[in-house]
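The chain contents come next:
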Amino acid sequence: MQHPVKTRTLLRFVLRFFLRFPLTLGLGLAVLMSTPARAADEPATERVQITDPYIELHTGPGRGYPVFFVAARQEWITIELRFTDWYKVRTEGGKLGWVHRRQLETTLTEAGGSKSFRDLALDDYLSRRVQLGAAIGRFEREPMLKFWTSYKLSDTLSLEGTIGQVQGTFSGTDFWHLNLISEPWSDRRLSPFFGIGVGKFKNIPNLSLVSATPTDANLSNVTIGARYYLSERFVLRADWSLYTAFVADQRSTEYRAITAGLSFFF
């Protein structure tokens, strides 16, 4: 493991990862992406009065959906649901459609005040549950590639699963591990974290080597790092890990790794 990574081998690994789990990822993404989000302290419904000349109702939550109805000034509409920056509203006549937040910012509440909106992107970040990400870095002196997914168990604890590969000229290493991640300041834009976990480690020498035998071992690790919330649903991440591979009953080998990558959340 003292030579540059083989690009084609890493690409095959990426393709193998996505081909190996298409059904699970597809179903999970479909369910999560189709669930509208609502800030925790927003009411289930709220009536507001239009002050602009009109508000356009779309058939779906996006500018690509056609406008099918226009609600006029002084008409009351009821906000029922939020999906990112789009709100599902119902007119007094029973028309149901989607309106962008910018059009609702000029409306009046039943108390006569201007309707205010919190930072919705930050709301989504603080209420995140599932994250998917990828990173590149160095495993000792060798390039490495890893993918991870995590599920938020509480405000400060997450369960994270990782698979990775280190590929050199003379051998290749595959590994996976499950970690419990603690993030004490998860409500901040820049958030440090640390974690511990266990998994499996497998080093496979190239067939060209004489008398080389694969190494299949249990793996433990400790990780420290930090996340930085960028915008929308994207988060930067950097971490340092110490891996311990238990290659025999009385022998273990330690490896150090540092990576940086990007993740997105739901």
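A quick note: this is a predicted structure, and the numbers were derived from the prediction, not measured.

**Student:** Can you lay out the environment of Q131 for me, pointing to particular residues and giving the numbers?
**Tutor:** Among the secondary structure elements, Q131 is positioned in strand 8 (residues 130-139). When its relative accessible area of 5% is taken as the criterion, Q131 is described as buried. Between the C-alpha atom of Q131 and that of W148, which follows or precedes it by 17 residues, the distance is 8.1 Å. If near-sequence neighbours (up to four positions away) are discounted, Q131 is found in contact with W148, T149, S150, R227, V235, S263, F264 and F265. At 3.1 Å, the side chain of Q131 forms a polar contact with the side chain of S263.

**Student:** Would you mind going over the sheet that holds strand 9 (residues 142-152) in detail, with residue names and values included?
**Tutor:** Through backbone hydrogen bonds, the strands of a sheet pair up, either in parallel or in antiparallel fashion. An order of 8-9-10-11-12-13-14-15 is seen for the eight strands of this closed barrel, with the pairing classed as antiparallel. Each neighbouring strand pair of the sheet contributes to a mean axis angle of 25 degrees, computed without reference to strand direction. Bridge count between strand 10 (residues 157-167) and strand 11 (residues 171-182): 11 bridges; the pairing is antiparallel. Each bridged residue has a counterpart across the sheet, and for Q165 the counterpart in strand 11 is D174.

**Student:** Could you give an account of the environment of G195, with specific residues and numbers?
**Tutor:** With respect to the helices and strands, the residue G195 is situated in strand 12 (residues 190-205). Using a relative accessible area of 5% as the deciding quantity, one classes G195 as buried. Contact partners of G195, with chain neighbours within four places excluded, come to N179, L180, I181, N221, V222 and T223.

**Student:** Help me get a handle on the packing of aromatic side chains, residues and values and all.
**Tutor:** With the rule as written, the count across this model stands at seven aromatic pairs. For the pair F234 and F264, a centre-to-centre distance of 6.5 Å together with 55 degrees between the ring planes defines the contact as tilted. Within this pair, whereas F234 is found in strand 14 (residues 234-248), its partner F264 is found in strand 15 (residues 251-265), the two being separated by 30 residues in sequence. Its relative accessible area of 39% is what places F234 among the partly exposed residues.

Reading the values: the criteria
- Residues numbered from 1 in each chain as written.
- Predicted model: local features only at pLDDT ≥ 70, side-chain atom pairs only at ≥ 80, totals over all residues.
- Heavy atoms only, no water.
- Helix = DSSP H or I, 4+ residues; strand = E, 2+ residues; numbered from the N terminus.
- Buried < 20%, exposed > 50% of the residue type's maximum accessible area, 1.4 Å probe, protein only.
- Contact = heavy atoms within 4.5 Å.
- Polar contact = N/O pair within 3.5 Å; in protein donor to acceptor, adjacent residues only side chain to side chain.
- Pairing = 2+ DSSP bridges.
- Axes fitted to C-alpha atoms, helices over the stretch in contact; angles between N-to-C directions.
- Phe/Tyr/Trp six-rings, centres within 6.5 Å; stacked < 30°, edge-to-face > 60°.

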